[in-house]
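Residues per chain are reported as follows:
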2 protein chains.
Amino acid sequence: MPRNRRPRDREEKRAEIVTAARALFLDEGYEAVSMTRIARAAGVVSNTVYWYFGDKDGILIAVLDEVMADALERSGELQPLEPVERLLWVLTELERMSTLVTTVHARSEESASIREWHERFHALTDALLRLEFAALGVPEDGVDELATIAVYVLEGLLMHPVEPARKRAVLAAVLRGATSTAVS
Amino acid sequence: MPRNRRPRDREEKRAEIVTAARALFLDEGYEAVSMTRIARAAGVVSNTVYWYFGDKDGILIAVLDEVMADALERSGELQPLEPVERLLWVLTELERMSTLVTTVHARSEESASIREWHERFHALTDALLRLEFAALGVPEDGVDELATIAVYVLEGLLMHPVEPARKRAVLAAVLRGATSTAVS
DNA sequence: ACCTGAACACCGTTCAAGT
DNA sequence: ACCTGAACACCGTTCAAGT
């Protein structure tokens, strides 16, 4: 046991726990994965996880942040597509974490920290979608509602089993409703 | 202990458990309420609840059915209103069970019986909304997508804290997008 | 058929103790 | 500062036993 543990070690151990938790959450679901399982997968004992993250919601937030950071990094690919394809890209991206979407909603009812994360996430996606719609020529006084509609539709498509063709059709209908009010 | 218990008794005891569970679920949430609490509130011991309902999801389904039946009964008030008000009425009605909406999504991932209930619920609301939009003159080939959008928006408004005025504005925007494609 | 006491395996979390 | 062994109170669920 080295006396002067480098700060680097702490980051590494933390990252290992997050990586383990992320994989387990994504393919078994938050509720189904116990602290003991996460700890075992990361090669520590469950109390250690508490030392790093405080509680189970703390790990969830760390996992959510990591997943979001990865998605933002990939958003470079996004530029040259046209509107429907852009929304489909976002949807596909979110589907990587679709199990976590339901979990965030469920935990938001009880955990203040998850609720805060959830609100920040919605503020971000709302702002991005408002920019999209403004660029499409939607008049300014209708942009807010349309962005909200788009967010809820994306969430709905995420949380319910829907065939790919239908996803495209529903998103196209959202855009049609939006652009029909545009001055162009 | 009467030897020939009337079948009536069974219904009554069952109803008492459902009533107790319903009240507890609605103001504390499904996860937060234990089988022991439900049983105590209904004046029995927890095993008895298993005898009547099989498992915790069984009680949830019974509660959902009761809540839905009450809502359908109240839907008589619904007739004379105009479109936005009708959607707002549905939203207000669903808000009585807003905590349960998140629960149904969460449990659907693990429980086949809850998933089945969830699908039936969506089929029903989808059919009702298709009728609404058809009556508004939306052309038949766009009705499906608009009904889906409306369902997801209602769900979104349910699951996120939104001010009343904004709810009306968002629902009005959905209808505007719909009727702009109408032949009328 | 209906209801219970007692137990089972597990959960998230805490805390005193070690290095 | 970092990590653990052992315990705590609780959970959904089961089962043999009673009437």
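Residues numbered from 1 in each chain as written. Chains lettered and ligands numbered in written order. Predicted model: local features only at pLDDT ≥ 70, side-chain atom pairs only at ≥ 80, totals over all residues. Heavy atoms only, no water.

### A look at the domain arrangement of chain A
All names here are of chain A.
Reasoning step 1: Taken domain by domain, chain A holds domain 1 (6-54) and domain 2 (61-183).
Reasoning step 2: Here the C-alpha centroids of domain 1 and domain 2 sit 28 Å apart.
Reasoning step 3: Summed over both sides, the interface between domain 1 and domain 2 buries roughly 910 Å², with carbon and sulfur atoms accounting for 65% of that surface.
Reasoning step 4: Among the residues of domain 1 in contact with domain 2, R22, L26 and Y30 are the three that bury the most area, contributing 60% of the side total.
Reasoning step 5: In this structure, R22 engages E66 in a salt bridge whose closest nitrogen and oxygen atoms are separated by 2.8 Å.
Reasoning step 6: Sort the elements by how many residues they give to the side of domain 1 that touches domain 2 and helix α1 (residues 7-28) lands first, with six residues.
Reasoning step 7: The residue inventory of the side of domain 1 that touches domain 2, partitioned by class, reads six nonpolar, one polar and two charged. (Domains from an automatic or database assignment. Buried area = accessible area lost by both parts, 1.4 Å probe. Salt bridge = Lys/Arg side-chain N within 4 Å of Asp/Glu carboxyl O. Helix = DSSP H or I, 4+ residues; strand = E, 2+ residues; numbered from the N terminus. Nonpolar A, V, L, I, M, F, W, Y, C, P; charged D, E, K, R; others polar.)

### Re the side chain of A:D126
Residues and elements named next belong to chain A.
Reasoning step 1: Structurally, D126 is set in helix α7 (residues 112-135).
Reasoning step 2: Judged by its relative accessible area of 15%, D126 is buried.
Reasoning step 3: When residues no more than four places from it in sequence are discounted, the contact partners of D126 are A147, T148 and V151. (Buried < 20%, exposed > 50% of the residue type's maximum accessible area, 1.4 Å probe, protein only. Contact = heavy atoms within 4.5 Å.)

### Concerning the packing of aromatic side chains
Residue and element names in this part refer to chain A.
Reasoning step 1: Taken as a whole and assessed by the stated rule, the structure comprises eight aromatic pairs over all chains.
Reasoning step 2: Three or more aromatic residues joined by ring pairs make a cluster, and in this case those are W51, Y52 and F53.
Reasoning step 3: The cationic tip of K56 hangs over the ring face of Y30; the distance from NZ or CZ to the ring centre is 4.4 Å. (Phe/Tyr/Trp six-rings, centres within 6.5 Å; stacked < 30°, edge-to-face > 60°. Lys NZ or Arg CZ within 6 Å of the ring centre and 35° of its normal.)

### Notes on the nonpolar core
Reasoning step 1: Membership of the largest hydrophobic core comes to 112 residues, with the highest contact counts inside it found for A:F25, A:F133, B:F25 and B:F133.
Reasoning step 2: The residues touching A:F25, leaving out its near neighbours within four places in the chain, are A:Y30, A:V33, A:I38, A:I59, A:L60, A:V63, A:T99 and A:L100. (Core = buried A, V, L, I, M, F, W, Y, C linked by side-chain atoms within 4.5 Å.)

### Things to note about the protein's contact with DNA strand D
Reasoning step 1: Residues in close proximity to DNA strand D total 16 residues, the closest being A:N47, A:T48, A:W51, A:Y52 and B:Y50.
Reasoning step 2: At the protein interface, 63% of the atoms of DNA strand D within 4 Å belong to sugar or phosphate.
Reasoning step 3: Here a phosphate oxygen of DNA strand D and a backbone polar atom of A:V45 are 3.3 Å apart.
Reasoning step 4: A:T48 is positioned such that a nitrogen or oxygen atom in its side chain is 2.3 Å from a phosphate oxygen of DNA strand D.
Reasoning step 5: Residue assignment for the surface near DNA strand D shows that the elements contributing at least two residues are α3 (46-53) of chain A together with α3 (46-53) of chain B.
Reasoning step 6: Partitioning the surface near DNA strand D into residue classes produces seven nonpolar, five polar and four charged. (Near = heavy atom within 4 Å. Polar contact = N/O pair within 3.5 Å; in protein donor to acceptor, adjacent residues only side chain to side chain.)

### Brief notes about helix α6 (residues 98-108) of chain A
Reasoning step 1: α6(A) sits mainly inside the fold: 10 of its 11 residues count as buried.
Reasoning step 2: Of all the positions in α6(A), only A:T99, A:L100, A:V101, A:T102, A:T103, A:V104, A:H105, A:A106, A:R107 and A:S108 are classed as buried.

### Thoughts on the protein's contact with DNA strand C
Reasoning step 1: Taken together, the neighbourhood of DNA strand C is formed by 15 residues, with A:Y50, B:N47, B:T48, B:W51 and B:Y52 sitting nearest.
Reasoning step 2: Near the protein, meaning within 4 Å, the atoms of DNA strand C are sugar or phosphate in a fraction of 63%, with bases accounting for the rest.
Reasoning step 3: Between DNA strand C and the protein, one listed contact pairs a phosphate oxygen with a backbone N or O atom of B:V45 at 3.2 Å.
Reasoning step 4: Separating a phosphate oxygen of DNA strand C from a side-chain N or O atom of B:Y52 is a distance of 2.3 Å.
Reasoning step 5: Among the elements of the structure, α3 of chain A together with α3 of chain B are those that each provide at least two residues to the surface near DNA strand C.
Reasoning step 6: Counting residues per element, the surface near DNA strand C draws most heavily on α3(B), which supplies four residues.
Reasoning step 7: Among the residues making up the surface near DNA strand C, the classes are represented as seven nonpolar, four polar and four charged.

### Quick notes on the interface of chain B and chain A
Reasoning step 1: In this assembly, 28 residues from chain B lie in contact with 28 residues from chain A.
Reasoning step 2: Summing both sides of the interface, chain B and chain A together bury roughly 2,400 Å²; the carbon and sulfur share of this comes to 66%.
Reasoning step 3: Linking chain B with chain A are two salt bridges.
Reasoning step 4: In this structure, B:R166 engages A:E145 in a salt bridge whose closest nitrogen and oxygen atoms are separated by 3.9 Å.
Reasoning step 5: Looking at the side of chain B that touches chain A, the elements with two or more residues in it are α6 (98-108), α7 (112-135), α8 (140-159) and α9 (164-179) of chain B.

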